[in-house]
Amino acid sequence: MINIPKGTKDVLPGEVYRWHHVENVAREVAEAYAFREIRTPVFEHTELFSRGVGDTTDIVNKEMYTFLDKGNRSVTLRPEGTAGVARAFIGNGLSGGAMPFKAYYLISAFRYERPQAGRLREFHQFGAELYGAAGPYADAEIISLADRFLRNLGLKKVRLQINSIGCKSCRAEYNRALKEYFSPRLGEMCEDCNARFEKNPMRMIDCKNENCKKITEGAPRMLDYLCSDCAAHFDAVKSLLKEADIPFEINPSIVRGLDYYSRTVFEFASEAAGAQGTVLGGGRYDSLLEQMGEKPVPAVGFAAGIERLLMVMEAEQAQIKAPCGVDFYFAGMDGASRDRAFMLAEKLRGEGASCEVDLMDRSLKAQFKYADKIGARFVVVIGESELKEGAAEVKEMKTSSSARVKFDELAQYYEKRRNQDV
Ligand code: HAM
């Protein structure tokens with residue numbers, strides 16, 4: 001028996017309705033904000049991520065699924081969606097079209113991480129990206145979309161935390177202050193932090209090493225180094241969120257794990273997700289396109305992890321309506337009635353009803369047992385006398401009530417009963 005690869009999961013037919021629910025809510029909310037879906041390839045040239053996501057991040061340094069294809073090109077399974085959307089935006093000349101450009105995606109993503117609850121090697125994201133708008137309304141719109149998505153899923157205990165990590169110019173001064181602070185403490189810090197110290201000291205704030213975390217507690221905070229433009233932008237975002245009644249807290253230690261962010265960064269987290277508390281993260285990334293060698297275009301976006309959302313929804317007992325399953329199970333008894341059952345099921349499927357017929361040559365009793373197992377609403381019994389009469393015995397499983405329905409009136413019967421709750 002070949003096992004499933006570590007850090008991946010099957011979504012089975014019995015649970016897929018939960019995924020459909022999250023995906024439907026995602027689409028509905030994104031469309032309400034006039035975002036349209038974008039689909040980009042699962043793999044891209046490796047360079048897109050090393051340049052886009054940033055070569056000081058854990059994602060690029062340790063977690064990418066990178067391989068040489070048969071043409072000896074280095075390609076990588078996407079570890080996230082933002083870089084691919086940026087590449088598609090540039091490659092398709094979309095900056096020349098209607099702006100702002102707004103796109104959402106539902107994708108699988110791949111990171112070679114140590115698997116644990118809520119952390120997988122193949123996981124799924126719902127994300128949204130907005131290009132072309134530099135002002136605080138765009139940040140507020142993206143955060144509002146994220147917030148509405150989570151509320152519409154019925155989540156009540158997910159908290160929004162925001163921070164500003166400034167722009168290139170104020171970050172330079174902040175990095176100097178961080179270096180001054182960390183320099184005498186480097187000996188006590190992990191190898192990764194020593195590397196980050198040279199390349200991107202702000203990334204040290206994000207370190208998961210317990211010792212580093214303690215040292216980081218006393219480090220200077222970016223919020224104290226914001227230039228006047230960045231501070232005004234952050235103030236405006238905060239007041240828009242207040243006006244929109246979106247509760248938030250300020251958390252100066254949110255720096256995000258990807259290099260492309262500037263100004264507003266945010267995360268929605270829940271205690272119900274355990275150690276992997278963050279269900280959704282995002283922020284402004286005005287310099288990503290420039291980093292990719294293009295004209296700068298202001299941008300802001302987020303992505304949510306669907307597996308983590310489903311975990312939190314379960315913990316919060318958020319209701320997901322299970323599908324009603326099969327409408328009609330057609331039970332035949334002998335050759336002739338089985339033939340008729342097959343043809344009647346075909347006809348009703350054409351009317352939009354979900355129908356099953358016996359494919360296993362079972363006894364009537366076994367057919368009823370199976371119909372019960374699959375949650376069929378009605379069992380349509382066809383035997384010798386029904387064939388003669390041209391009418392079937394239709395039994396409603398939940399109420400055990402029966403009705404005699406003419407074969408050619410089954411479609412009407414379905415129409416009449418389909419919206420009636422049992
Ligand atoms: P991220 O914070 O790396 O951001 O990922 C977003 C979400 O994806 C996380 O909050 C988490 O729910 C989920 N996630 C990440 N890694 C895993 C994993 N190994 N297993 C399960 N779930 C995971 C981004 O990906 C950015 N592209 C978000 C963004 C879009 N920023 C601007 N636009």
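Caption draft 1: The arrangement of the environment of Lys-9 in detail. For Lys-9, the location among the structural elements is in the segment before helix 1 (16–32). On the basis of relative accessibility, which here comes to 59%, the residue Lys-9 falls in the exposed class. Taking the C-alpha atoms as reference points, Lys-9 and Leu-120, separated by 111 residues in sequence, lie 8.3 Å from one another. Apart from the residues within four sequence positions on either side, Lys-9 is in contact with Ile-4 and Leu-120.

Caption draft 2: Representation of the packing of aromatic side chains in the model. Going through the model one piece at a time under the given rule, you end up with 18 aromatic pairs. Centre to centre, the rings of Tyr-65 and Tyr-112 are 5.7 Å apart; their planes meet at 70 degrees, and the pair counts as edge-to-face. Here Tyr-112 lies in the loop between strand 5 (101–110) and strand 6 (122–131) and Tyr-65 lies in strand 3 (residues 65–68), a separation of 47 residues in the sequence. Under the relative-accessibility criterion, Tyr-65 is labelled partly exposed at 26%.

Caption draft 3: Focus on helix 5 (residues 136–152). Helix length check: helix 5, at 17 residues, gives a terminal C-alpha distance of 24 Å against a target of 24 Å (1.5 Å per residue), a fit within 8%. Burial analysis of helix 5 places 12 of its 17 residues in the buried class, which makes it a mostly covered element. Turning to helix 5, its buried residues number three or more, namely Pro-136, Ala-138, Asp-139, Ala-140, Ile-142, Ile-143, Ser-144, Leu-145, Ala-146, Asp-147, Phe-149 and Leu-150. Within two residues after helix 5, Gly-154 carries a phi angle of roughly 90 degrees, on the positive side.

Rules behind the numbers
- Residues numbered from 1 in each chain as written.
- Predicted model: local features only at pLDDT ≥ 70, side-chain atom pairs only at ≥ 80, totals over all residues.
- Heavy atoms only, no water.
- Helix = DSSP H or I, 4+ residues; strand = E, 2+ residues; numbered from the N terminus.
- Buried < 20%, exposed > 50% of the residue type's maximum accessible area, 1.4 Å probe, protein only.
- Contact = heavy atoms within 4.5 Å.
- Phe/Tyr/Trp six-rings, centres within 6.5 Å; stacked < 30°, edge-to-face > 60°.
- Expected span 1.5 Å × (residues − 1).

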